[in-house]
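Tertiary structure, described
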Amino acid sequence: KKLNEIIKPNDASIVKQIQSDINKVLADKKITFERRSTQITKDSYSSVKDVADILKANKNIKVEIGGHTDSRGAKSLNKRISQDRANRVVLKNQD
């Protein structure tokens, strides 16, 4: 289903506010990783925690978490690192 089919029209403003709150956190400090690693940098812990707090306060909202790498290195390795980075953020949010 599409997002607008899942969320009732009067809930759309809530979703926009949540997205805005998350965007503000990430605008101040993006979530970054050690180079060629799935390890979240210590500087990023506060951003992960702040986003997690927003999502924990709004458990009915579903989000997609994606990880990325730069274009250096083998494509297959970068794809695995990207997925592992997304998984690492999810696990960190469960702490």
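Owing to the predicted nature of the structure, the values given are computational and were not obtained by experimental measurement. (Residues numbered from 1 in each chain as written. Predicted model: local features only at pLDDT ≥ 70, side-chain atom pairs only at ≥ 80, totals over all residues. Heavy atoms only, no water.)

Looking only at helices and strands, the chain features four helices and zero strands. Along the chain, helices and strands appear, N-terminal first, in the series α-α-α-α. The buried share of the chain, reckoned over its 95 residues, is 27%. Here the contacts in the chain between residues at least 6 apart in sequence split such that 53% fall between residues at least 24 apart. (Helix = DSSP H or I, 4+ residues; strand = E, 2+ residues; numbered from the N terminus. Buried < 20%, exposed > 50% of the residue type's maximum accessible area, 1.4 Å probe, protein only. Contact = heavy atoms within 4.5 Å.)

This part takes up the nonpolar core. Of all hydrophobic cores here, the largest spans eight residues; its members are Val-15, Ile-18, Ile-22, Val-25, Val-51, Ile-54, Leu-55 and Ile-61. Taken together, the elements giving at least two residues each to this core come down to α2 (12-28) and α3 (45-56). A per-element tally of this core places α2 first, with four residues. Setting aside anything within four residues of it in sequence, one finds Val-25 in contact with Ser-47, Asp-50, Val-51 and Ile-54. (Core = buried A, V, L, I, M, F, W, Y, C linked by side-chain atoms within 4.5 Å.)

Under the definition given, this model contains three salt bridges. In this structure, the salt-bridge partner of Arg-35 is Asp-70, at a minimum N-O distance of 3.7 Å. With a gap of 35 residues between them, Arg-35 in the loop between α2 and α3 and Asp-70 in the loop between α3 and α4 (75-93) connect regions that are remote in the sequence. Classification of Arg-35 as exposed rests on a relative accessible area of 53%. The salt bridge partner of Asp-53 is Lys-49, with a shortest N-O separation of 2.7 Å. Of this pair, Asp-53 and Lys-49 are both found in helix α3, four residues apart, which corresponds to roughly one turn of the helix. Linked through salt bridges whose partners overlap, the residues forming this network are Arg-35, Asp-70 and Arg-72. (Salt bridge = Lys/Arg side-chain N within 4 Å of Asp/Glu carboxyl O.)

Moving on, we get to α2. Its 17 residues give α2 an end-to-end C-alpha distance of 25 Å, which sits within 8% of 24 Å, the value for a rise of 1.5 Å per residue. The inward-facing, buried residues of α2 abut α3. (Expected span 1.5 Å × (residues − 1).)

This brings us to a nonpolar patch on the surface. The grouping of Val-63, Ile-65 and Val-90 at the surface amounts to a nonpolar patch, some 200 Å² of accessible area in total. Mapped onto the elements of the fold, Ile-65 is located in the loop between α3 and α4. (Patch = residues over 30% accessible without salt bridge, like charges linked within 9 Å, V, L, I, M, F, W, Y side chains within 5 Å. Areas by Shrake-Rupley, 256 points an atom, 1.4 Å probe, with all protein chains shown as cover.)

Per-residue pLDDT for the chain averages 84, and the proportion of residues at 70 or more is 86%. Across the chain, the element-wise mean pLDDT spans from 50 in helix α1 (residues 3-6) up to 93 in α3. (pLDDT = per-residue confidence, 0-100.)

Attention now goes to the packing of α2 against α3. Where α2 contacts α3, the two axes come as close as 9 Å, and the packing angle between them is 170°. Taken together, the axis directions place α2 and α3 in an arrangement best described as roughly antiparallel. Seen from α2, the contacting residues are Ile-18, Asp-21, Ile-22, Val-25 and Leu-26; seen from α3, they are Ser-47, Asp-50, Val-51, Ile-54 and Leu-55. For the contact of α2 with α3, a count of residues per class yields seven nonpolar, one polar and two charged. (Axes fitted to C-alpha atoms, helices over the stretch in contact; angles between N-to-C directions. Parallel < 35°, antiparallel > 145°, perpendicular 65-115°, else oblique. Nonpolar A, V, L, I, M, F, W, Y, C, P; charged D, E, K, R; others polar.)

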